[in-house]
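# Summary of structural features
Take a look at the letters that make up each chain.
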Amino acid sequence: MASRDKEVIDLIDSVAITCHAWNADQTKLALCPNSNVVIIYKKSGSRWEEECVLREHGQRVLDMDWGAKRNRLVTCGEDRNAYVWTKEGGEWRPMLVLLRINRAATCVRWSPNEEKFAVGCGARLISICYFEVEQDWWVSKHIKKPIRSTVTSIDWHPNNYLIAAGSSDFKARVFSAYVKEIEDKPGPTAWGKKGTFGNMMAEFSNGGGGWVHSVSFSPSGNKLVWVGHDASISVANAANDNVVTTIKQSHLPFMTCIFVSESSIIAGGHDCSPFLFNHDDSGKLTAMTKLDVVKAKAAGASSAMDKFRNLDKKATTDTTDQGRQASTHQNSIVDSRLVGPKGSAKAFSSAGVDGLVVMWNFKSLESAISGLKIA
C-alpha cells in the first residue's frame, strides 16, 4: 500500500520484524521475521515477491547489513555467529565468520568501503572482522575495554577508521577500528589523533542512566547522536570540544536514530511514529515534529457483540479505528535505515513489531507538513 509520502510494505502477516536491509538500488528487501531465517523479497512492478530464504543461523537473527558496493549481505544472531552471504550462480552462499565470542551477536554494520565490518555482542566487546586472504576466511580482532555491558548498536565514521558503539552500560563511545593488515595508517580527525586499534577516542553519557539503544554519525562524521531508554536523545559535536546536548522527551523511549543530514535526525521507537529533530551549528538540539500524520475514521454504530469481541482481541471495547494507534505502525519501531547514501538519501525506512516495513519519502513529507525541512 503506497501513499504520496510513504509506502507501507506488509509481507509477513503481523509477525514482528527484528531487522531489515536494502540492496543498492532498493529493488530487493531482506528482513528477519523474528526467527532464525532471513527472507529476501524482490520488487516486481508495484508488488513484492519472495525470492529466497536464507537458513544458516541456528537461532534468531538479530541484525543484518547489505553492502551496496559489493552486493554482500552480513547477518548475525543469537547463535553467536555471523555469516557473509555472497551471490554466486544465482544462489546466496554463506561464509562463517570467526567471531570468537560466547554471547549473542547483537548488531552488525559494514564499513564504508566494505572491506571490513563490525559486530557488537553480549560479551562486552566489538569484533572488527576482515577477510584473511591467505587463510581464505573472515577473521576478527576484538575491542574490549572499557565496555562493561552488551553492545546494542554500532555505526561507522565516514573515514572508514572510527566506529561508534552504544551499550547497556549507559555509554556511547567512539573507538579506532584501524586494521593495519588491510589498510593504511589513518590521519588525525576531530575525534582525536591516536588511531591505534581499539583506542577509545571519546566516551559520553546522557546523564540520566538509560541504556543506549542506537547510535549514528552525521554525514561529516563530526557529530554523533544516540538515544537512551530514559526517553532521551543526545548529540555530541567533536568539532566543538565534544560538547553534548541532551533533551528528555515526555513520550516513550526511542529504539533507533539516524542522521539524515548534518543537522537533521530521525528517531523512532515505542511511540510507533518517527520524529524529526534538528541540531544546529550553535549546538542547540530541538524536537521539530512527528512525521506520521494519520487521519482517523469517523465512528460508526456497533453491537454489544462487537464490543465483547474487541475486548477479547484488543483489550478495548472500541470497535472503530480509534482503538488503533494514530500512526502507520501499530507497534514499536525497532529498526530504521536510510534508503541511499548518508547525506544524500531521499527516503528512510522503518520496521516494527507489527510486521510492517514503511518507506518514508523526504520530499513528500516536506510537502505534507507545512514548514517542514528534513534534508
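Preceding this paragraph is the structure being described.
The shown structure was predicted, so the numbers you read here are calculated from the model rather than taken from an experiment.

### Thoughts on the environment of Ser261
Along the chain, Ser261 falls in the loop between β22 (254-259) and β23 (264-269). Residues Ser261 and Val339 lie 78 residues apart in sequence; the distance between their C-alpha atoms is 13 Å. A distance of 3.1 Å separates a polar atom in the side chain of Ser261 from the backbone nitrogen of Ser264.

### Points about the pairing of strand β14 (residues 151-156)
Burial analysis of β14 places five of its six residues in the buried class, the great majority of the element. The pairing of β14 with strand β15 (residues 162-167) spans five bridges and is antiparallel. Counted as the bridge partner of Ile154 is Ala165 from β15. In this antiparallel pair of consecutive strands, β14 and β15, the connection spans five residues, and Asn160 shows a positive phi of 80°.

### Here's the deal with the environment of Ala172
Inspection of the secondary structure assignment puts Ala172 in strand β16 (residues 172-176). Given a relative accessible area of 0%, Ala172 falls into the buried group. A sequence separation of 83 residues divides Ala172 from Gly89, and the C-alpha atoms of the two residues are 42 Å apart.

### Concerning the packing of aromatic side chains
Under the defined criterion, the tally for this structure stands at 15 aromatic pairs. Between the aromatic rings of Trp110 and Phe117, the centroid separation amounts to 5.1 Å while the plane-to-plane angle is 75°, which identifies the pairing as edge-to-face. Overall, Trp110 belongs to the buried group, its relative accessible area being 6%. Between Phe131 and Trp138, the aromatic rings sit 5.5 Å apart at their centres with planes inclined by 65°, giving edge-to-face as the arrangement. One aromatic cluster is present, formed by Trp110, Phe117, Phe131 and Trp138 through successive ring pairs. One residue, Lys141, lies across the ring of Phe197, its end atom 4.9 Å from the ring centre.

### So, the side chain of Asn237
Relative to the helices and strands, Asn237 resides in strand β20 (residues 232-237). A relative accessible area of 10% means that Asn237 is categorised as buried. If we skip the residues at most four places from it in the chain, Asn237 touches Asn222, Lys223, Asn242, Val243 and His279.

### Section: empty space enclosed by the protein
What the rule picks out here adds up to three cavities of 30 Å³ or more. The space that makes up the largest cavity amounts to roughly 50 Å³. Taken together, Asn159, Tyr161, Leu162, Ser176, Pro186, Gly187, Thr189, Gly192, Lys193, Lys194, Gly195 and Met201 make up the full set of residues lining the largest cavity. Per-class residue counts for the lining of the largest cavity are four nonpolar, six polar and two charged.

### Topic: the sheet that holds strand β24 (residues 275-279)
Judged by pairing direction, the sheet is antiparallel, and its four strands sit side by side in the order β22-β23-β24-β25 without closing on themselves. Sheet topology places β22 and β25 (285-290) at the edges, where each strand pairs with a single neighbour. Each strand of the sheet is rotated relative to its neighbour by a mean of 25°, with strand direction disregarded. Strand direction decides the pairing type here: β23 and β24, joined by four bridges, are antiparallel. Bridging across to β24, Ala267 finds its partner in Phe275.

### Topic: unusual backbone geometry
With an omega of 0°, the peptide bond between Lys145 and Pro146 qualifies as cis. With respect to the helices and strands, Pro146 occurs in the loop between β13 (137-143) and β14. Its identity is not glycine, yet Asp13 carries a phi of approximately 55°, on the positive side. Of note in the backbone geometry, Gln26 takes a positive phi value of approximately 60° without being a glycine. With respect to the helices, strands and loops of the structure, Gln26 is situated in the loop between β2 (19-22) and β3 (28-32).

### Digging into the side chain of His142
Position of His142 among the secondary structure elements: in strand β13. For His142, a relative accessible area of 18% gives the class buried. A distance of 2.8 Å separates a polar atom in the side chain of His142 from the backbone oxygen of Leu99. A distance of 3.4 Å separates polar atoms of two side chains, one belonging to His142 and the other to Ser127. Leaving out residues up to four positions away in the same chain, His142 has contacts with Leu99, Arg100, Ile101, Leu125, Ile126, Ser127 and Phe197.

Here is what the cut-offs are and how they apply
Residues numbered from 1 in each chain as written. Predicted model: local features only at pLDDT ≥ 70, side-chain atom pairs only at ≥ 80, totals over all residues. Heavy atoms only, no water. Helix = DSSP H or I, 4+ residues; strand = E, 2+ residues; numbered from the N terminus. Polar contact = N/O pair within 3.5 Å; in protein donor to acceptor, adjacent residues only side chain to side chain. Buried < 20%, exposed > 50% of the residue type's maximum accessible area, 1.4 Å probe, protein only. Pairing = 2+ DSSP bridges. Phe/Tyr/Trp six-rings, centres within 6.5 Å; stacked < 30°, edge-to-face > 60°. Lys NZ or Arg CZ within 6 Å of the ring centre and 35° of its normal. Contact = heavy atoms within 4.5 Å. 1 Å grid on protein atoms, 1.4 Å probe; cavity = no way out; pocket = protein on both sides within 12 Å on 5 of 7 lines; lining within 4 Å. Points joined across faces, edges and corners; volume = space filled by probe spheres on them. Nonpolar A, V, L, I, M, F, W, Y, C, P; charged D, E, K, R; others polar. Axes fitted to C-alpha atoms, helices over the stretch in contact; angles between N-to-C directions.

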